[in-house]
Amino acid sequence: MIIGLGMIGGSFAKALKERGLATLYGVDRRESELALGVSTGVIDYPAELTETYISKMDVIILATPVRAMESVLTELKPLLSENTLLTDVGSTKGSVIESARRVFGTVPANFIPGHPIAGAEKSGVLASNSLLFEKHMAIVTPLPDSNPVLLDRLHRLWRSVGADVVSMDVVHHDHVLASSSHLPHLLAYTLVDALANGERSQDIFKFAAGGFRDFTRIASSDPVMWRDVFMANKEATLATLDHFTDRLADMRAAIEQGDGASMFGVFTRAKSARDHFLRLLEQRTIGSSKEVRPVSVSVLPASVVKGDISLLGDKSLSHKVITIAALSSGLSEIRNIDLTGDVRITMQAFRDMGVVIEESSVDSLRIHGVGLRGLKAPIAPINVHQSRESLYLLLPVLAGQQFPVTVVAEGGLLNQPMGDLFSLIRKMGGEVVSEVADCLPVSLSPNVSLDVSVYLKTASGSLRMAAFLAALYSPEKGRVVQPQRSLSHSDVLFRYFGANMSALEDGFDIKPMPLQGVDVVLSGDEYETLWLVLLANLLPGSELMISNAGLDSVSFAFLSLLKSMGADVTLPVRGQSGLYEGEVRAGFAELHAFELSVEQCYQFRDELPLLCVAAAYAKGDSRIKGIGALPYYCEDRVLAIVDALEQMSIVCAHDEGDLLITGGLPQGGELDCAGDDKLALAMLLLGARSQSVTKVNDCQKLLEEFNELESVAMQLGFHCSVTQ
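Here is a short report on the structure shown in this document. (Residues numbered from 1 in each chain as written. Predicted model: local features only at pLDDT ≥ 70, side-chain atom pairs only at ≥ 80, totals over all residues. Heavy atoms only, no water.)

What follows concerns the packing of helix H22 (residues 608–617) against helix H23 (residues 632–647). The axes of two packed helices give the description: the angle between them and the distance between them. The geometry of H22 relative to H23 is characterised by a closest axis approach of 9 Å and an angle of 25 degrees between their N-to-C directions. Compared by their axis directions, H22 and H23 come out roughly parallel. In this structure, H22 meets H23 at a crossing whose hand is right-handed. Contacts between H22 and H23 pair Leu608, Pro609, Cys612, Val613 and Ala616 from the former with Arg637, Val638, Ile641 and Leu645 from the latter. Of the residues assigned to the contact of H22 with H23, the class counts are eight nonpolar, no polar and one charged. (Axes fitted to C-alpha atoms, helices over the stretch in contact; angles between N-to-C directions. Helix = DSSP H or I, 4+ residues; strand = E, 2+ residues; numbered from the N terminus. Parallel < 35°, antiparallel > 145°, perpendicular 65-115°, else oblique. Left-handed = near helix turned anticlockwise from the far one by under 90°. Contact = heavy atoms within 4.5 Å. Nonpolar A, V, L, I, M, F, W, Y, C, P; charged D, E, K, R; others polar.)

Let us now look at the packing of helix H16 (residues 419–427) against helix H17 (residues 461–472). Where H16 meets H17, the axes come as close as 10 Å, and the angle between the chain directions of the two elements is 5 degrees. Taken as axis vectors, H16 and H17 run roughly parallel relative to one another. Seen from H16, the contacting residues are Asp420, Leu421 and Leu424; seen from H17, they are Leu463, Ala466, Ala467 and Ala470. A breakdown of the residues in the contact of H16 with H17 according to their chemical character gives six nonpolar, no polar and one charged.

Inspection of the secondary structure assignment puts leucine 16 in helix H1 (residues 7–18). For the pair formed by leucine 16 and serine 160, sequence separation is 144 residues and the distance between their alpha carbons is 7.8 Å. Not counting chain neighbours up to four residues away, the residues in contact with leucine 16 comprise Leu21, Ala22, Leu24, Leu157, Ser160 and Val161.

If you trace the five strands from one edge of the open sheet to the other, you get E3-E2-E1-E4-E5, paired in parallel fashion. Only two strands of the sheet have a single partner each, and these edge strands are strand E3 (45–46) and strand E5 (85–88). In the sheet, strand E1 (residues 2–3) pairs with strand E4 (residues 59–62) via two bridges, with the strands oriented parallel. Across the sheet, residue isoleucine 3 finds its bridge partner in E4, namely leucine 62. Against the sheet, helix H4 (residues 69–76) engages E1, E4 and E5, with an angle of about 155 degrees to E4. (Pairing = 2+ DSSP bridges.)

Quick look at the environment of phenylalanine 230 now. Inspection of the secondary structure puts phenylalanine 230 in helix H10 (residues 223–232). The residues contacting phenylalanine 230, other than those within four sequence positions of it, are His182, His185, Leu186 and Thr237.

Inspection of every chain in the model, using the stated rule, returns 25 salt bridges. Among the salt bridges present, the one from arginine 102 reaches glutamate 70, with a minimum N-O distance of 2.7 Å. In this pair, arginine 102 is assigned in helix H5 (residues 94–104) and glutamate 70 in helix H4, connecting sequence segments 32 residues apart. Between lysine 93 and aspartate 88 there is a salt bridge, with its nearest N and O atoms 3.0 Å apart. By the burial criterion, lysine 93 is buried, and aspartate 88 matches it. (Salt bridge = Lys/Arg side-chain N within 4 Å of Asp/Glu carboxyl O. Buried < 20%, exposed > 50% of the residue type's maximum accessible area, 1.4 Å probe, protein only.)

A few words on helix H15 (residues 388–399). Taking 1.5 Å per residue as the helical rise, H15 with its twelve residues ought to reach 16 Å, and the 17 Å between its terminal C-alpha atoms agrees with that figure. With respect to burial, H15 is a largely interior element, eleven of its twelve residues being buried. Taken residue by residue, H15 has Glu389, Ser390, Leu391, Tyr392, Leu393, Leu394, Leu395, Pro396, Val397, Leu398 and Ala399 as its buried positions. (Expected span 1.5 Å × (residues − 1).)

For soluble globular proteins, nonpolar side chains are generally found buried alongside one another. Residues Trp531, Leu562, Leu702 and Phe718 are the most contacted members of the largest nonpolar core, which totals 82 residues. In this view, tryptophan 531 contacts Leu610, Leu681, Leu684, Leu685, Phe706, Leu709 and Phe718; residues no more than four positions away in its chain are not counted. With 71 residues, the next largest nonpolar core counts Met465, Ala467, Ala471 and Phe494 among its residues. (Core = buried A, V, L, I, M, F, W, Y, C linked by side-chain atoms within 4.5 Å.)

Attention shifts here to the sheet that holds strand E7 (residues 137–140). An order of E6-E7-E8 is seen for the three strands of this open sheet, with the pairing classed as mixed. The strands lining the two open edges of the sheet, one partner per strand, are strand E6 (114–116) and strand E8 (164–167). Ignoring strand direction, the axes of neighbouring strands in this sheet form an average angle of 20 degrees. Two strands pair when backbone bridges link them, and E7 and E8 are joined in this way by four bridges, in the parallel orientation. Pairing of valine 140 across the sheet is with serine 167, part of E8.

So, in structure tokens, the structure goes:
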């Protein structure tokens, strides 16, 4: 049912009708508009606001002037079913929400406001245009209590008529529209009125050119509608008008004083902003990633992720591929590599030891490998700064060379005990000397090389990679045994560069042989893929496609678990490498509770924060067994996310190593991730559909590890902001 057959309501009805998506009923106080609506094929039937008609409606759209909506809501109140989606198309949202509160006492869960950013100067049903919303934005402004299923339906409804749908907070919407739409209309109306009543009005209009026509076009819009808009959105409009008036006064002063520099600065900035705006309209601009050092990240509760995206390669994998390529013979070309943050520490270390590394683009390298033992002694100690990833890669490589070297560090990595790594290095046969036992700084001296055989008590990815590298330097054969055998990106990378690895029941045998340079395109970051898939499933209206996924067995099992919980996710197929590569698609779904065994808890130890958030939004009680048996750092991370859940009013019970989480709706608030990037991502997920803004503090590590967070959020429409 379309209530109000003006240009917007009529165009929406016509768009649905021509696509065969709905049976259209129209309501309008003007009988002539109803008759025209039927005769011109905009609607199927005229209707009235009676129980006979209202009771059979799936969707009701309020397309009346915003000041008339309260009276319409009053008529609908006794007749409306909670299963009927009620929405509107008004250009202000705060006043509509207040009208609903006055009528219903609270905003019903099935009333979800919306606003298409489309229109024309014409009005009435005869101005209906079925293509009006094609490639235009439609803003949906849900409330914390909005029915997620109906919200998802509203997103699909707008998409079906060609609109690009985004979600936005009500207050934010009104301020944004006051600046981008309401103020320009006010200026156009005022300018035309001022010039028309001036002394030279006839000549002004006689000699006005296309620029005047373009600027004042919107002054031909419906005066009644715009009067109502400005009265309904008074506060936001006044704030925007005051800001503009201040800038106009500055410009007047610059002209009066002959301050050409100030004028040129304004004009230059304005041109740049306008050009950027045009690029956005043409969909040619995606925000570039920037290296920043943020303090916090805030996420607005009304959001959605929608679009096709290709993710930058995993930062840890970027460290690894640089290392293996440097130790190979010949040229390797690496594409889609993350060259930000501490990846450059690893890269610089190999440059210091004679490896030529060319940066062919922002995400591509040409590495001229020197072989396993072809590195040259650096002229100074190798400094890994505060990069644990660099340390675990470089130390076994340096221990396999024929020259002595010293490795130093800074900050928290200095004097930090690393018994597991130092034990591995000693098994290689070299001499290891450190001032403080098993701590940096450390001096390595070559000696008789030994076959490395190591049993990994934990499945740490960094230690596992270090063990593979150490095994490469074994004279006869190296062996790596691990508690849980699973295929990883590291295994695939080694084989891709020609490593002779034989799979065992519980690990690998590795025979020494030269590695060969190859061309590599890194798949998208694995953890970011998992996070985005879960994010899409939590946010109604989401439609996500990740084009370059590359999942190992654990990540594939994680997404399979989500699928068993009711998640909307399409998984890629297994490729020749053993990884699951290709497209991953995801959308909104209502998740249900799950139970995780002790074995699964250990298998998904790194992904547990994400699973805890999934449990918080799932229906029912979810149980995770074996928390107490996890490595201490994994258990600490789980306990931290449990604290965050409880802080946001999600009921949790932690008893004898088991964790019980009762699904609900998080309240929002301020959280601290303690510098843990995985915790930060989970906390942002937790706030994605919460009742108020969620702010996550201490997110510097997150932005270092997921440096394209802002650009990905911008591209997909996820409303998060980074603040210093």
